[in-house]
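Each chain, written out:
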Amino acid sequence: MTEAPSNHDLYVRHHKLRGLFIEHPDAQLIFDEVDDLLAEYRVAQKFGDIFETGGLVILGHSGTGKTDGTTFALSQSGLDLTVVGDNPRPVIIVKLSADATLKGLYLDVLRAFGWTKPSKGESAQSLWVHIANYIRDLKTVVIVLDEIQHVRAAGPSDRAKLQDFLKSLVQQSDNAVIPILVGMPSFQEVLVSDTQFRRRYKQIHMRRLNPAIDQETAIRTLARFVTAADLNMDKSVKSRDFAARVLHASNYAFGHLCVFCRTATKKALLSRSHEVTIEHFEATYRSATGCLPAVNPFVALDFQSIPMGDDPIDP
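All figures in this text were calculated on a predicted structure; none of them were measured in a lab.

(A) Main features of the overall build of the chain. Regarding its fold elements, the chain presents 12 helices and 7 strands. Looking at the chain as a whole, 48% of its 315 residues are labelled buried. If you take every contact in the chain between residues at least 6 apart in sequence, the share linking residues at least 24 apart comes to 72%.

Given below as structure tokens:
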């Protein structure tokens, strides 16, 4: 008789699902652009030339997979993420704070590098010197500035300084880096306001899933997680009705769709089920919201009328 897996084993199986990257067309676009920029950079480095860098802007609503797609593309191109203390650090991912000033951005970059010295009294120019030293010493190739839409919230003077800085990152230099800006669609307003800015950065706009054409995508995505967890799919999660429900619950964002599928698979694992069913999705949504069945998109008849908001429930 086969021994039943322990809870620890089940959690291990679920944990492995977190590393499962589900490819989709927008992720391929990101990979193609990142791969092209890195190829140009590496050729310039090989021949000792000054790299005429370009930048990349990746915009999309919450949960569309902007950041995951970026880190996956960098990893596939040979640039894995690093942590403070590693040397070299070819990739730095900077989570920008709401302090939309040039000095605030510089401090965010320095914190990502691991800089812990007090900053009182230091000018923005002296902070940039520290950043340039880190880039040189740690052989940084790519700087990802996440939540770039905060630039839009800056006052006119600060916004102009931030725009000039972002443009300066893609000027010819013997110490150049590739900037990747990741953020919400509202940053488009900043891009279109400056011709030079728009010309120096390629753009990728992550699309929302479409209930009319992406139902197969929803079921195929669930199948990847279920197969990786060594489970099966019940017929209740193979229908067009289910696909429409999970797309709506995810607010038509691919990243949120993946989270729903992974979390419902976890529910199935911990319930010792051999199949993932629509009841596991119902329970996932109920656990996250405490909602009544009438407003649970996996139960309600008129589920399309249930508002999800711009930032849907993350189970």
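From this point, the narrative continues.
(B) Structural view of the environment of serine 250. Following the sequence through the fold, serine 250 ends up in the loop between helix 10 (240-249) and helix 11 (254-270). The spatial distance from the C-alpha of serine 250 to the C-alpha of phenylalanine 260 is 7.3 Å, given a sequence separation of 10 residues. For serine 250, the side chain forms a polar contact with the main-chain nitrogen of leucine 257, separated by 3.5 Å.

(C) Quick peek at the pattern of salt bridges. Using the criterion set out here, one finds 14 salt bridges in the structure. Residues aspartate 108 and arginine 111 are paired through a salt bridge, measuring 2.7 Å at the closest nitrogen-oxygen approach. Separated by 3 residues within a single helix, aspartate 108 and arginine 111 lie in helix 4 (residues 102-113), roughly one turn from each other. Salt-bridge contacts for arginine 136 lead to aspartate 137; the nearest nitrogen and oxygen are separated by 3.1 Å. Within the structure, one salt-bridge network assembled from shared partners comprises Glu33, Asp36 and Lys202.

(D) Molecular detail of the sheet that holds strand 4 (residues 178-183). With respect to topology, 5 strands assemble into an open sheet ordered 2-3-4-1-5, the strand pairing being parallel. Each edge of the open sheet is held by one strand with a lone partner, namely strand 2 (91-95) and strand 5 (201-205). Across the sheet, the mean angle from the axis of one strand to that of its neighbour is 15°, orientation sign disregarded. Alignment of strand 3 (residues 142-146) against strand 4, held across 5 bridges, turns out to be parallel.

(E) A look at the side chain of asparagine 296. Summarising the element assignment, asparagine 296 is placed in the segment after helix 12 (278-289). A distance of 3.2 Å separates the side chain of asparagine 296 from the backbone oxygen of glutamate 282, its partner in a polar contact. When neighbours within four sequence positions are excluded, asparagine 296 is seen to be in contact with Glu282, Tyr285, Arg286, Cys291 and Ile306.

Procedures and definitions
Residues numbered from 1 in each chain as written. Predicted model: local features only at pLDDT ≥ 70, side-chain atom pairs only at ≥ 80, totals over all residues. Heavy atoms only, no water. Helix = DSSP H or I, 4+ residues; strand = E, 2+ residues; numbered from the N terminus. Buried < 20%, exposed > 50% of the residue type's maximum accessible area, 1.4 Å probe, protein only. Contact = heavy atoms within 4.5 Å. Polar contact = N/O pair within 3.5 Å; in protein donor to acceptor, adjacent residues only side chain to side chain. Salt bridge = Lys/Arg side-chain N within 4 Å of Asp/Glu carboxyl O. Pairing = 2+ DSSP bridges. Axes fitted to C-alpha atoms, helices over the stretch in contact; angles between N-to-C directions.

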